[in-house]
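# Working through the structure, step by step
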Amino acid sequence: MQQRSLSRRHFLQISAAVAGTAALAACAPAAPGASTEGAAPAAGKTELRVAHAWDASFWPRQEEFDQQFNEKFPELNVIGENTPWGEFRNKYMTQAAAGALPDIMYCQFAWAQQFIQQGSLINLQAYVDNQADFNLEDFTKPSLVSYKKDGDLHIIPYDEGPLLLYWNVDMFDAAGVPHPTPDWTMDNLLEAAIALTKGEGQDKVFGFDGLPGPDGSMNANYLYPWGAKFWNEPEENECHLDTPEAIAALEWWVAFRHEHGVTPTPAEWGTLGGGWNGFAAQKVAMFQQGTWYTPVLVKDATFKWDLWHWPKGPVAQTTSSMGSGYGTTKDSKSPDAAWTYINDYLSTDGQIFMWASTGRGSPSRISAWDAYFESPNAPPSARVVLEALNTYAVHDVLDTVNGPEITQVAAQTWDLVLLGEMPVAEAVKKITEDLQPVLAKNNPA
Amino acid sequence: MQATLPTRRQGIGKMALREERAFWLFISPWLIGFLAFTGGPILASLGISFTEYSILSPPRFLGLENYRQLVEDDLFYKSVINTVYFVGVGVPLGLLLAFMMAIALNQKLRGQTWFRTIFYLPSVVSGIAVALLWGWLLNSDYGLINYMLSLVGIQGPQWLFSTTWVMPALILMSLWGVGGSMVVFLAGLQGIPEHLYEAAEIDGAGQWAKFWNVTIPMMSPVIFFNLVVTIIGAFQIFDQVYIMTNGRGGPANASLVYVLYLYRNGFEYFKMGYASALASVLFLIILGITIFQFAVARRWVYYEGGEPK
């Protein structure tokens, strides 16, 4: 009997066939209801996969909500999946490519349009219009800006908050610096920062951390107060950094570091681990952030702190407001059931349970704010947040599809300004030139 | 009458056939894995490089447009220059250090095994852990390196936050992982027959002459292997730079290495077509350099049994 040997060619053919089958299987959409949480499918129930991006400490609250929802709607079975915020976008972009998105997913303002424009999130306007008790008027105006296509809502926001000033009350008192007032100006901010800065080297305490960078907050927090702007809204297709007003404003800000030494250098910032950590470690007396940071401080801070208005500039008082929301994906097999979840989750009661009562703050529904003010986890001056949102906060925050590229391209030159290696006037000229082709992509076709 | 010659198959005995089957069986997990998870994506990436593809919408064929844009892209050249700097300085320094350490650890010393373990250990530590560790070592305020420099009266630079020093900092960090090359060198050194040194001694060779005329020629295949492998790895540096510069390749793109730029285009701007074109060009660069190395190797690599098959 002739021995049959496996030839190299034959073996490679078999290998390729096995590999090809595996690859095709991997490319196939996930089975409906597949869950990363490993929950068993509930018989006869419609399953909903919901993708969140919570920090681990907030996840139990989410699980509690979902449990209550499943009890309230026994025909539905919600399976939540949580992904660290930094990994969320890439993970769900990949799932979108594979046609395996969950039914409902979290979306931040900065990349909402990426998902909306390319059809990954369905139009929710009909659901909004047909839901008698939804009341779109209850949503703060800035909260709805980033989530529309052709005027129709594709994402329902859950929060929208202004960037405000966190300040260390103990440090102010110890240094004899007067507390911020409703009339505080940018000059008051600088004076306080100078008075609060003390020590040298490793023992140095900085008065303020939060110099401008070419990101979403540059317009409203650093340039509008001087009557200047980085980009035009809502088109985001022109750079205005090389105007005299913008140069004057940026030079004023950069002097915090290079002239007054009241804010960390990039190396010192790296050591502190950023404004949040520096503030929590009492190495920074003031910094700028939204309300979503307050639960961390409530839990961990060993000092007295509060939130206050972003100061008035020579021309105007403005600050950026930003937020996130949830949408139903194109891959959802049960968009009606998905709407049931979104409607309940982002109702007044849902927002009170998730964001207002927990002190996380900035709920998108006006009706949920009172519960936030009463929350033991909210900062003492919590009402300032809503005042800012209702009066001078604007949602002018780089939310077009190429926002990340605009920031990166400008940052390569702005870095040199922060390092003291390039004057502002020279840098803004270069940034304006560099950004032309990137911003041009936002021109109407 | 026609003579019948035995075919190759007929010439294989039962034992040899069993061995051949076992060979294919054992190699199959790797081969299937390669075809499914590496070969397929490589081909897909090549195809995507001719398209505009943002992941969320179907690819749109562009022909050679991505490659044309690449030629006009300043950051492409910047990333190539940064990477060539890293490879050009880091690889020779790393190989030299690894070779010197291997020679030192090839001596008959007390605690030799302990030293070998200690020097090899860093090369098996995860790249992310190494990056985090070196982030602290290079910290300009609290870092051990600047502290040691201060002991001899030198004020250390701001390393990762300096456009001048960020690349030297990354090269310094890469030297920490030379243990892998060192082990290969050590194995090579231990494979040099003792009689060659004895013959050289009889001919009156001193330490230097023995090193130059025996050690180096006998080690040349090992040096060549390490050179090829290290250059390929160095061109693909990514994770440490990503971690140490917060994913930015800063300051001012001073540490924007090639794969980081590729990642930025693919996973921050979602220009998958352009990122794939970058990947294809990197493949060609590495392929070209490797072919060049093999071509030049004939002039300086000595194989005891003749040319390698």
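Here the structure is a predicted model, which is why all the values come from computation and not from measurement.

### Regarding the overall build of chain B
A tally of helices and strands in chain B yields 13 helices and two strands. Whereas a compact globule of 309 residues would reach a radius of gyration of roughly 19 Å, chain B reaches 25 Å, over 25% beyond that. Judged by the C-alpha coordinates and their principal axes, chain B covers about 70 × 70 × 35 Å. Out of the 309 residues in chain B, the part that is buried amounts to 42%. Counting contacts in chain B only where the partners sit at least 6 residues apart, residues at least 24 apart contribute 66% of the total. Accessible surface for chain B amounts to roughly 17700 Å². Of this, 68% is attributable to carbon and sulfur atoms. Charge separation in chain B, taken as the distance between the mean sites of 18 positive and 16 negative side-chain charges, equals 8 Å.

### Thoughts on the overall build of chain A
Scanning chain A for helices and strands turns up 18 helices and eleven strands. Within chain A, the fraction of its 445 residues that count as buried is 57%. Contacts spanning at least 24 positions in sequence make up 72% of the contacts within chain A whose residues lie at least 6 apart. Of the roughly 18200 Å² of accessible surface on chain A, 53% is carried by carbon and sulfur atoms.

### Observations concerning the sheet that holds strand β8 (residues 286–289) of chain A
Residue and element names in this part refer to chain A. Strand order in the open sheet formed by three strands is β8-β7-β9, and the pairing between neighbours is antiparallel. Two strands in the sheet have a free side with no partner beyond their single neighbour: β8 and β9 (305–308). Adjacent strand axes in the sheet meet at a mean angle of 30 degrees when their direction is disregarded.

### As for empty space enclosed by the protein
The full count for this structure, using the stated rule, is two cavities of 30 Å³ or more. Roughly 80 Å³ of volume is contained in the largest cavity. If you go around the largest cavity, the residues you meet are Gly201, Gln202, Lys204, Phe206, Glu268, Thr271, Leu272 and Lys283 of chain A together with Asp141 and Tyr142 of chain B. Volume-wise, the second largest cavity comes out at about 30 Å³. Lining the second largest cavity we find Gln408, Ala411, Gln412 and Asp415 of chain A together with Arg248, Gly250, Ala252, Asn253 and Arg264 of chain B.

### Details of a nonpolar patch on the surface
Side chains of Leu144, Tyr147, Met148, Leu151, Val152 and Ile154 of chain B sit close together on the surface and give an oily, nonpolar patch of about 640 Å² of accessible area. Take Ile154 of chain B: it is sitting in the loop between α6 (144–151) and α7 (166–175).

### A word on the side chain of Ser280 of chain B
Residues and elements named next belong to chain B. You can see Ser280 is positioned in helix α13 (residues 272–300). Residue class for Ser280 comes out buried when judged on its relative accessible area of 12%. With residues near it in sequence (within four places) discarded, Ser280 still touches Leu46, Ser49 and Tyr67.

### Topic: the interface of chain A and chain B
Interface size is commonly expressed as the accessible area that is lost once the parts come together. The partner chain B presents 39 residues to the 39 residues of chain A that form the contact. For the chain A and chain B pair, buried surface summed over both sides reaches about 3600 Å², with 60% attributable to carbon and sulfur atoms. For the interface between chain A and chain B, the tally reads two salt bridges. Put simply, Arg248 of chain B and Asp415 of chain A hold a salt bridge, and the shortest N to O gap is 3.1 Å. At the junction of chain A with chain B, the criterion picks out nine residue pairs in polar contact (both at pLDDT 80 or more).

### Quick notes on the pattern of salt bridges
All names here are of chain A. Under the definition given, this model contains 16 salt bridges over all chains. Close ionic contact of Lys330 with Asp331 constitutes a salt bridge, the shortest N to O distance being 3.1 Å. Relative accessible area serves as the criterion here: at 15%, Asp331 is assigned to the buried category. Between Lys441 and Glu405 there is a salt bridge, with its nearest N and O atoms 3.3 Å apart. Taken together, the positions of Lys441 in the segment after α18 (424–440) and Glu405 in helix α17 (residues 403–418) put the pair 36 residues apart, joining distant regions of the chain. For Lys441, a relative accessible area of 46% puts it in the partly exposed group. Residue Glu405 is classed as buried on the basis of its relative accessible area, which comes to 10%.

### Quick look at the domain arrangement of chain A
Residue and element names in this part refer to chain A. Domain boundaries in chain A define domain 1 (24–162 + 322–390) and domain 2 (163–320 + 398–440). Distance between the C-alpha centres of domain 1 and domain 2: 30 Å. Looking only at domain 1, the three residues that lose the most surface to domain 2 are Pro162, Met322 and Val384, adding up to 29% of its buried area. Linking domain 1 with domain 2 are seven residue pairs in polar contact (both at pLDDT 80 or more), by the criterion used here. The set of elements that each furnish at least two residues to the side of domain 1 that touches domain 2 consists of α4 (109–117), β6 (156–162) and α16 (383–391). Among the elements that take part in the side of domain 1 that touches domain 2, α4 stands out by supplying five residues, more than any other.

### A look at the domain arrangement of chain B
Segmenting chain B into domains produces domain 1 (2–35) and domain 2 (67–300). Placing a centre on the C-alpha atoms of domain 1 of chain B and another on those of domain 2 of chain B gives a separation of 39 Å.

### Section: the packing of helix α3 (residues 85–97) of chain A against α4 of chain A
All names here are of chain A. At their nearest, the axes of α3 and α4 sit 12 Å apart, and the two run at 5 degrees to each other. Here α3 is positioned roughly parallel relative to α4, judged by the angle of their axes. Contact with α3, carried on its side by Trp85, Phe88, Arg89, Tyr92 and Met93, involves Trp111, Gln114 and Phe115 of α4 and no other residues of that element. Grouping the amino acids of the contact of α3 with α4 by side-chain chemistry returns six nonpolar, one polar and one charged.

### Concerning the nonpolar core
It is characteristic of soluble globular proteins that their nonpolar side chains tend to be buried jointly. The biggest cluster of nonpolar side chains holds 81 residues, and the ones touching the most others in it are Phe230, Trp253, Phe256, Met286 and Leu435 of chain A. For this core, the element with the highest residue contribution is helix α9 (residues 244–258) of chain A, accounting for eight residues. For this core, the two domains that each supply at least three residues are domain 1 (24–162 + 322–390) and domain 2 (163–320 + 398–440) of chain A. With near-sequence residues (within four places) excluded, Phe230 of chain A lies in contact with Pro214, Met218, Asn219, Leu223, Glu238, Cys239, His240, Leu241, Ile406, Ala410 and Leu435 of chain A. If you look at the next biggest cluster of nonpolar residues, it comprises 61 residues, including Tyr67, Phe86, Ile171 and Met244 of chain B.

Scoring rules and cut-offs
- For every chain, the first residue of the written sequence is number 1, and numbering continues from 1 onward in sequence order.
- Chains carry letters and ligands carry numbers; both start at the beginning, A for chains and 1 for ligands, and go up in the order they are written.
- Under the rules for a predicted model, residues below a pLDDT of 70 receive no local features and side-chain atom pairs below 80 are neither given nor counted, while totals for whole chains, interfaces and linings still include all residues.
- Here the side-chain values reflect all heavy atoms present in the structure, with hydrogen atoms and water set aside.
- The helix count covers DSSP runs of H or I at least four residues long, the strand count covers runs of E at least two residues long, and both are numbered beginning at the N terminus.
- The globule rule is 2.2 Å times the number of residues to the power 0.38, and the radius of gyration it is compared with is taken over C-alpha atoms.
- A simple rule labels every residue: compare its accessible area, found with a 1.4 Å probe on the protein chains alone, to the largest value its type can have, and call it buried under 20%, exposed over 50%, or partly exposed in between.
- Here, two residues are considered to be in contact whenever any of their heavy atoms come within 4.5 Å of each other.
- Residue-level accessible areas treat just the shown protein chains as cover; the underlying method is Shrake-Rupley with a 1.4 Å probe.
- Neither His nor the chain termini are counted; the positive set is Lys and Arg, and the negative set is Asp and Glu.
- The atoms used to mark charge sites are NZ of Lys, CZ of Arg, CG of Asp and CD of Glu.
- Strand pairing is assigned whenever DSSP identifies at least 2 bridges connecting the two strands.
- Comment: axis = line fitted to C-alpha atoms, over the contacting stretch for helices; angle = value between 0 and 180 degrees taken between N-to-C directions.
- Each cavity reported here is a set of points on a 1 Å grid over the protein atoms alone in which a 1.4 Å probe fits but cannot get out, each pocket an open set with protein on both sides within 12 Å along at least five of seven lines, and each lining residue one with an atom within 4 Å of a point.
- Grid points are joined across faces, edges and corners, and a volume is the space filled by probe spheres set on the points.
- Here a patch means residues that are over 30% exposed by relative accessible area and free of salt bridges, tied together within 9 Å if like-charged and within 5 Å if nonpolar (Val, Leu, Ile, Met, Phe, Trp, Tyr).
- One speaks of a salt bridge when a side-chain nitrogen belonging to Lys or Arg is within 4 Å of a carboxyl oxygen belonging to Asp or Glu.
- Each of two parts loses accessible area, computed with a 1.4 Å probe, when they are put together; buried area is these two losses added.
- Whenever two N or O atoms come within 3.5 Å, that pair is a polar contact, provided that in protein one can donate a hydrogen and the other can accept it, and provided that, for residues adjacent in sequence, both atoms are side-chain atoms.
- Domain start and stop points were drawn from an automatic or database domain assignment.
- Each angle is binned into one of four classes, with values under 35 degrees roughly parallel, values over 145 roughly antiparallel, values of 65 to 115 roughly perpendicular, and all other values oblique.
- In the scheme used here, Gly and all other residues not listed as nonpolar or charged are polar, with Ala, Val, Leu, Ile, Met, Phe, Trp, Tyr, Cys and Pro taken as nonpolar and Asp, Glu, Lys and Arg as charged.
- Joining through side-chain atoms within 4.5 Å is the link that ties buried Ala, Val, Leu, Ile, Met, Phe, Trp, Tyr and Cys residues into a set, and such a set is a nonpolar core.

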